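For reference, the chains in residue letters:
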Amino acid sequence: MTRHALRADLLDFSHAPAWGSTGTDGVRFRPDHWLLVDGERIAGTLPGQQPPGPDWQQHDHRGRLLMPGFIDTHVHCPQLDVIASYGTGLLDWLNTYTFPAEQRFADPGVAAEGAARFLDALLAHGTTTAVVFPTVHKVSAEALFDAASARGMALVTGKVLMDRHAPPALLDDVAGARRDCEDLIRRHHGQGRKRYAMTVRFAATSTREQLAMAGELCRRHGGPGGIHMQTHVAENTDEVRWIAELFPESRSYLDVYHRHGLLNERAVLAHGIWLDAGDRALLRDTGAQIAHSPSSNLFLGSGLFDWQAAVDTPYRVSLASDVGGGTSLSLLRTMAEAYKVQALRGTRLSAWTALHAATRGAAEALGLAHEIGHLDTGALADVVLWDWARGPVAVHRDDIARGAVAGVAAQDLHARVFAFLTLADERNLVATWVAGQCRHTQERGG
Ligand code: GUN
Ligand code: ZN
């Protein structure tokens, strides 16, 4: 088994930093250290001046930044075809762009090619684990599981459920969907790093019978290590009105899912912009998380997520690109957008809360923190190496922050990391490692 030692500035979290704090409680910054990777797992760290012995293959990246791989808790594989599509809000966008594009994934060749392109793109953006929507077609989920296995990646996905309010080519039915889900769970869930999610597109595209079937499978395959659930909730005001018409018996949009047994600590709900205090309490009490998708929420004009209210309740929040509603697979860009959303709400998102939400926080919320989201000894070595800065403006800003400009005092660590996540993107990425294997490197131009 190959032993690798990576020398860089190591950054991760031991626990959640307090909301709004720019101090270092919870932050683990080890400048100029070796990260030891023995086979698939992290074996420990050493100070930069104490290199490991000759049986470790050394990769000296001093002056660069090494963090746990990012975890994107909500993203759509087939929507790389419609990213950056002009001019519509959620419901029109689904009908105009998304539903037509998703129909192509009925073809196994398209599904396999799409899954490979998508996972390679995630790795090239520094994301090593994702919770992914494929399409209604069983073959599209299968293709993602196979492509993730081939890359050694942890992946959460499941066939999309939709039996109404979509083009006929994207509709399933309760009995067929149940058979497909049971077969996929049996063959994939818990095999290697693959995890199954009951994937309800949103309440509008499933009948009560289909929601009840999904809830029944969540119960049957539930408990610690059980299957996940993913869906959308309260993203757009027109959507919220439509759900109220479709489900007049429910107290709220979120309550539709609760009534059907779909909320638990492995449930991931994208958006959650238009929630009330009762909904927030329900998220707290069930342990379900909101996958905050700021890039998508801005691009589709959906609204400004209230992160402060989530902290006050409290309930769990992770970060998501939501491509193709979102406009970038980069979780660094996503964090920068999240900061601006909170600024518009009159509050501020610290770099620590943002980075924690995309690493250890997401891993904890998904029940995967025993393996990923941090650089603890024993964790799987899903790690990403970054340049602190690329390009003259960012390099100068980083020089200012670290005290490398004569006459300017060094700033604190938060200031430097905040400038990094505001200015950096996938062009800063040097290499992505998955379970101890280098799976992506970026050619460096001049
Ligand atoms: N709600 C239902 N389907 C979708 C989707 O594909 N993207 C987004 N952003 N919201 C949805
Ligand atoms: Zn989505």
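Data block above holds the structure.
No experiment lies behind these values; they were computed from the predicted model shown. (Residues numbered from 1 in each chain as written. Chains lettered and ligands numbered in written order. Predicted model: local features only at pLDDT ≥ 70, side-chain atom pairs only at ≥ 80, totals over all residues. Heavy atoms only, no water.)

1. Describing the site of ligand 1
Part 1 of the reasoning: H76, Q79, L90, W93, L94, R201, F202, H232, E235, H271 and D322 make up every residue found near ligand 1.
Part 2 of the reasoning: Within the side chain of Q79, a nitrogen or oxygen atom sits 2.9 Å from an oxygen atom of ligand 1.
Part 3 of the reasoning: With respect to ligand 1, the side chain of E235 contributes an N or O atom lying 2.7 Å from a nitrogen atom.
Part 4 of the reasoning: In isolation ligand 1 exposes 280 Å². Once the protein is present, 100% of that is buried.
Part 5 of the reasoning: One can see that ligand 1 is located within the largest cavity.
Part 6 of the reasoning: A per-element tally of the shell around ligand 1 places helix α1 (residues 90-102) first, with three residues.
Part 7 of the reasoning: Partitioning the shell around ligand 1 into residue classes produces four nonpolar, four polar and three charged. (Near = heavy atom within 4 Å. Polar contact = N/O pair within 3.5 Å; in protein donor to acceptor, adjacent residues only side chain to side chain. Areas by Shrake-Rupley, 256 points an atom, 1.4 Å probe, with all protein chains shown as cover. 1 Å grid on protein atoms, 1.4 Å probe; cavity = no way out; pocket = protein on both sides within 12 Å on 5 of 7 lines; lining within 4 Å. Sits in = over half its atoms within 2 Å of the grid points. Helix = DSSP H or I, 4+ residues; strand = E, 2+ residues; numbered from the N terminus. Nonpolar A, V, L, I, M, F, W, Y, C, P; charged D, E, K, R; others polar.)

2. Re unusual backbone geometry
Part 1 of the reasoning: The omega angle of the peptide bond from T313 to P314 is -10°, so this bond is cis rather than trans.
Part 2 of the reasoning: Here P314 is to be found in the loop between α10 (307-312) and β13 (316-319).
Part 3 of the reasoning: A cis amide bond links V323 to the next residue, G324, at an omega of 5°.
Part 4 of the reasoning: Along the chain, G324 falls in the loop between β13 and α11 (331-344).
Part 5 of the reasoning: Positive phi outside glycine occurs at D32, with the angle close to 45°.
Part 6 of the reasoning: Phi is positive for A84, close to 65°, though the residue is something other than glycine.

3. Quick word on the layout of surface pockets
Part 1 of the reasoning: Roughly 340 Å³ of internal volume is contained in the largest pocket.
Part 2 of the reasoning: Elements that contribute at least two residues to the lining of the largest pocket include exactly α10, β13, α12 (351-357) and α13 (360-365).
Part 3 of the reasoning: Its residues assigned to classes, the lining of the largest pocket shows eleven nonpolar, three polar and two charged.
Part 4 of the reasoning: Volume-wise, the second largest pocket comes out at about 260 Å³. (Points joined across faces, edges and corners; volume = space filled by probe spheres on them.)

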